[in-house]
Amino acid sequence: MGEIKGQVALVTGGTRGIGLAISERLVERGVKVAAGYSRDAEAAKRLVDAHPEADITLHQGNIGRAEDCERVIGEVIEQHGRLDILVNNAGINIDKTVRKMSPEDWDQVVRVNLSGAFYLSRAVLNHMTERKHGRIINISSVIGLTGNVGQANYAAAKSGLFGLTMSLALETAKKGVTVNSVAPGFIETEMVTAMPEKALEKVIAQIPVGRLGRGDEVARVVEFLADPDSSYITGEVYGINGGLYM
Ligand SMILES: NC(=O)c1ccc[n+]([C@@H]2O[C@H](COP(=O)([O-])OP(=O)(O)OC[C@H]3O[C@@H](n4cnc5c(N)ncnc54)[C@H](OP(=O)(O)O)[C@@H]3O)[C@@H](O)[C@H]2O)c1
């Protein structure tokens, strides 16, 4: 069925960490990547400079704002003529115990990690269903399955992505659109290496494989789900966690 080569993917947070690995994997497969970012314009430029042969466009915006999401989806469709794959990857964490967490800390994390995926999916849905083809992949987290001390906002948002994934999968199942989630464990990016060294050592000690994961190990699952041939997989959660949660 169809080829992924020549398709267009929007990868939010596609210029750093896991998102960068996803962008690069899709570029290798001949996908035209629209990479979203919020503040780090240097990282965005580095992605384009590293792949002069590829058709990469950059899209600045805050996915915690519905109007930015609608604008970015419009920009991508205007510049590339189509949008086949949406990877809702961008995310943040503001870690505090519930006692110390302010309503603003809660709102900000839920808005970026959960509402952003809703705003973007909503903005692209008509386009995908009219073309009878689409792949939406939500990057959740193992923390959405287990919870974690100091991460109530993050865990709630990441669990919420599972509900969004399943509901949207049901709503689009007959329209050629699949919607799946990926739940990485601890992956070696700034989000994780920013943890205090002692805490990180404790985490690694709990991972059966004995190390942090790599962005490319997440990207290969995203690439698989994004493929036109993965048409009978929808509403699923794929864990990539070195055996941390099974
Ligand atoms: N690392 C892990 O162990 C791990 C585990 C499970 C799940 N995850 C999830 O995987 C995703 C990527 O994580 P990561 O570790 O690669 O994070 P990261 O290195 O901190 O990168 C985050 C990316 O999201 C973008 N971003 C942040 N806030 C944004 C906003 N408001 N609007 C638009 N873009 C925004 C950033 O853009 P700028 O560079 O412009 O700021 C950056 O590209 C996140 O959803 C995270 O929750 C990560």
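This section reports on the structure supplied with the text. (Residues numbered from 1 in each chain as written. Predicted model: local features only at pLDDT ≥ 70, side-chain atom pairs only at ≥ 80, totals over all residues. Heavy atoms only, no water.)

## Remarks on the pattern of salt bridges
Step number 1: Per the stated rule, a full pass over the model turns up 17 salt bridges.
Step number 2: Among the ionic pairs, Asp-40 bridges to Arg-16, the shortest N-O distance being 3.7 Å. In this pair, Asp-40 sits in the loop between strand S2 (32-37) and helix H2 (41-50) while Arg-16 sits in the loop between strand S1 (8-11) and helix H1 (17-28), placing the two residues 24 residues apart along the sequence.
Step number 3: For the salt bridge of Arg-16 with Glu-190, the shortest nitrogen-to-oxygen distance reads 3.1 Å. Of this pair, Arg-16 sits in the loop between S1 and H1 while Glu-190 sits in helix H7 (residues 190-193), and the two are 174 residues apart along the sequence. (Salt bridge = Lys/Arg side-chain N within 4 Å of Asp/Glu carboxyl O. Helix = DSSP H or I, 4+ residues; strand = E, 2+ residues; numbered from the N terminus.)

## Section: the sheet that holds strand S3 (residues 57-60)
The strands making up a sheet associate through backbone hydrogen bonding, with each pair oriented either parallel or antiparallel.
Step number 1: Judged by pairing direction, the sheet is parallel, and its 7 strands sit side by side in the order S3-S2-S1-S4-S5-S6-S7 without closing on themselves. Pairing within the sheet leaves two strands with one partner each, and these edge strands are S3 and strand S7 (237-240). Here the average twist between neighbouring strands, direction ignored, is 20 degrees.
Step number 2: Sheet topology places strand S6 (residues 177-184) next to S7; 4 bridges connect them, and they run parallel. (Pairing = 2+ DSSP bridges. Axes fitted to C-alpha atoms, helices over the stretch in contact; angles between N-to-C directions.)

## Regarding the pairing of S2
Step number 1: Of all 6 residues in S2, 5 are buried, a share of seventy percent or more.
Step number 2: In this structure, S1 lies alongside S2, joined through 4 bridges in parallel fashion. Each residue of the ladder has a partner; that of Ala-9, found in S2, is Val-33.
Step number 3: One crossover worth recording links S1 to the parallel S2 by way of H1, and it is right-handed.
Step number 4: Strand direction decides the pairing type here: S2 and S3, joined by 4 bridges, are parallel. What sits directly across from Gly-36, in S3, is His-59.
Step number 5: The parallel pair S2 and S3, bridged by H2, forms a crossover whose chirality is right-handed. (Buried < 20%, exposed > 50% of the residue type's maximum accessible area, 1.4 Å probe, protein only. Right-handed = clockwise from strand over helix to strand, strands pointing away.)

## A look at the site of the ligand
Step number 1: Surrounding the ligand, one finds 29 residues, the nearest of these being Arg-16, Arg-39, Asn-89, Tyr-154 and Thr-189.
Step number 2: Arg-16 places a polar side-chain atom, nitrogen or oxygen, 2.6 Å from an oxygen atom of the ligand.
Step number 3: One of the backbone N or O atoms of Gly-185 is found 3.4 Å from an oxygen atom in the ligand.
Step number 4: When the ligand is considered free in solution it has 900 Å² of accessible area, and contact with the protein chains removes 95% of it.
Step number 5: Of all the secondary-structure elements, those providing two or more residues to the shell around the ligand are H1, helix H6 (152-172) and H7.
Step number 6: For the shell around the ligand, the class distribution of residues is 13 nonpolar, 12 polar and 4 charged. (Near = heavy atom within 4 Å. Polar contact = N/O pair within 3.5 Å; in protein donor to acceptor, adjacent residues only side chain to side chain. Areas by Shrake-Rupley, 256 points an atom, 1.4 Å probe, with all protein chains shown as cover. Nonpolar A, V, L, I, M, F, W, Y, C, P; charged D, E, K, R; others polar.)

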